[in-house]
Amino acid sequence: MRFLAANFPPEEADIVIVGVTLEATETWRKGPALAPDFIRYASESLESFSAIFGLDLTQLKLGDAGNLDHPGGLEEALLSVEKSLTQYFRKGKKVLIFGGEHTVTLPAVKAALSVFGKVQLLVLDAHSDLRDEYLGLKVSHATVTRRCSEVASKVVLVGARSFYGGEFDFINKAQVFLASPENFASFLEPSLPLYLSLDLDALDPSQCPGVTNPEPGGLSYGDVIEIFRKLRKKFNVVAMDIVELAPPYDPSFVSAVCAAKLAIEGIIALWGYISPHAP
């Protein structure tokens, strides 16, 4: 199974989709290990043309590398993911990652950092994920943004509405910024490579309910599109991930379709200038 219009072998593609089925630290609703293939399946119901950005996926050199094999242990899995993604960045590929739990962002950011030297991180998430430790783990879905902030040049967080309280002292001392869909770009630096992480619970659960930790309120689908629009051609987005889809809690498939549609619009918005009019 491959994503819609991903017609090029990964080695020939400019943009590569990679599934990371990591599910090791989830603490409530399960299922993100199934998400990459559900997003691919949902993409079959959609059109490859973006009326918003005026381009078709078939005009880009898009490939789907399938799902990464990774060891069962968390530490070994993270190292394996980092090593695999580093190879794509070294070959000049733009990478779209389908998680998996949000923890996959950490090895992906480290991979980008190893190639580009500096990386800034834009996170769309209902939760701050800035705990230093959660249930005895230093690396988990609830600490991933904190761990990323220790390696990224800066972190900008949009859509957060669930906090444990202690992160506000940390934010005041670190290069972590809470922003809105309207002002987030002012916190970013156009000269720095940018990694975009989209936790689907950033969206209002009325629009995307099938996630591991839904949180009332949140971004609309249109808000995310506008974020893509503000990033388009103004920032060097080297990678994007879409994480925390929980297919067992998505019986209508509406959340998988939402994820697939955001993937299509994100690819075209962020990387539509690459290999346009590909055969």
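Everything numeric in this text was worked out from a predicted model, so none of it was measured.

## Brief notes about the pattern of salt bridges
So, step 1. Within the structure shown, the criterion is met by 8 salt bridges.
So, step 2. In this structure, Arg40 engages Asp37 in a salt bridge whose closest nitrogen and oxygen atoms are separated by 2.9 Å. Of the two residues, Arg40 and Asp37 are both situated in helix 1 (residues 35-43); the distance of 3 residues between them amounts to about one turn of the helix.
So, step 3. Look at Arg40 and you get buried, because its relative accessible area is 0%.
So, step 4. Judged by relative accessible area, which is 33%, Asp37 ranks as partly exposed.
So, step 5. Several salt bridges share partner residues, and in doing so they unite Asp132, Lys138, Arg147 and Glu150 into one network.

## Quick notes on the pairing of strand 1 (residues 15-20)
So, step 1. Of all 6 residues making up strand 1, 6 are buried, and the element is well covered by its neighbours.
So, step 2. The two faces of strand 1 match: Ile15, Ile17 and Gly19 on one face and Val16, Val18 and Val20 on the other face are all buried.
So, step 3. Inspection of the sheet shows strand 1 paired to strand 5 (residues 94-99) by 6 bridges, in the parallel sense. Bridge pairing in strand 5 links Ile17 to Leu96.

## Focus: the sheet that holds strand 1
So, step 1. With respect to topology, 8 strands assemble into an open sheet ordered 4-1-5-10-9-6-7-8, the strand pairing being parallel. Looking at strand neighbours, the two that pair on one side only are strand 4 (62-67) and strand 8 (176-179), the edges of this open sheet. Neighbour to neighbour, the strand axes of the sheet diverge by 15 degrees on average, direction disregarded.
So, step 2. One ladder, built from 4 bridges, connects strand 7 (residues 154-158) with strand 8; its direction is parallel. Bridging across to strand 8, Leu157 finds its partner in Leu178.

## Concerning a nonpolar patch on the surface
So, step 1. A cluster of nonpolar side chains, contributed by Phe163, Phe168 and Leu178, occupies part of the molecular surface with about 230 Å² of accessible area.
So, step 2. Checked against the element boundaries, Leu178 lands in strand 8.
So, step 3. Among the residues examined, Leu178 registers a relative accessible area of 34% and is labelled partly exposed.

Scoring rules and cut-offs
Residues numbered from 1 in each chain as written. Predicted model: local features only at pLDDT ≥ 70, side-chain atom pairs only at ≥ 80, totals over all residues. Heavy atoms only, no water. Salt bridge = Lys/Arg side-chain N within 4 Å of Asp/Glu carboxyl O. Helix = DSSP H or I, 4+ residues; strand = E, 2+ residues; numbered from the N terminus. Buried < 20%, exposed > 50% of the residue type's maximum accessible area, 1.4 Å probe, protein only. Pairing = 2+ DSSP bridges. Axes fitted to C-alpha atoms, helices over the stretch in contact; angles between N-to-C directions. Patch = residues over 30% accessible without salt bridge, like charges linked within 9 Å, V, L, I, M, F, W, Y side chains within 5 Å. Areas by Shrake-Rupley, 256 points an atom, 1.4 Å probe, with all protein chains shown as cover.

Honestly, it's all geometry; don't read function into it.
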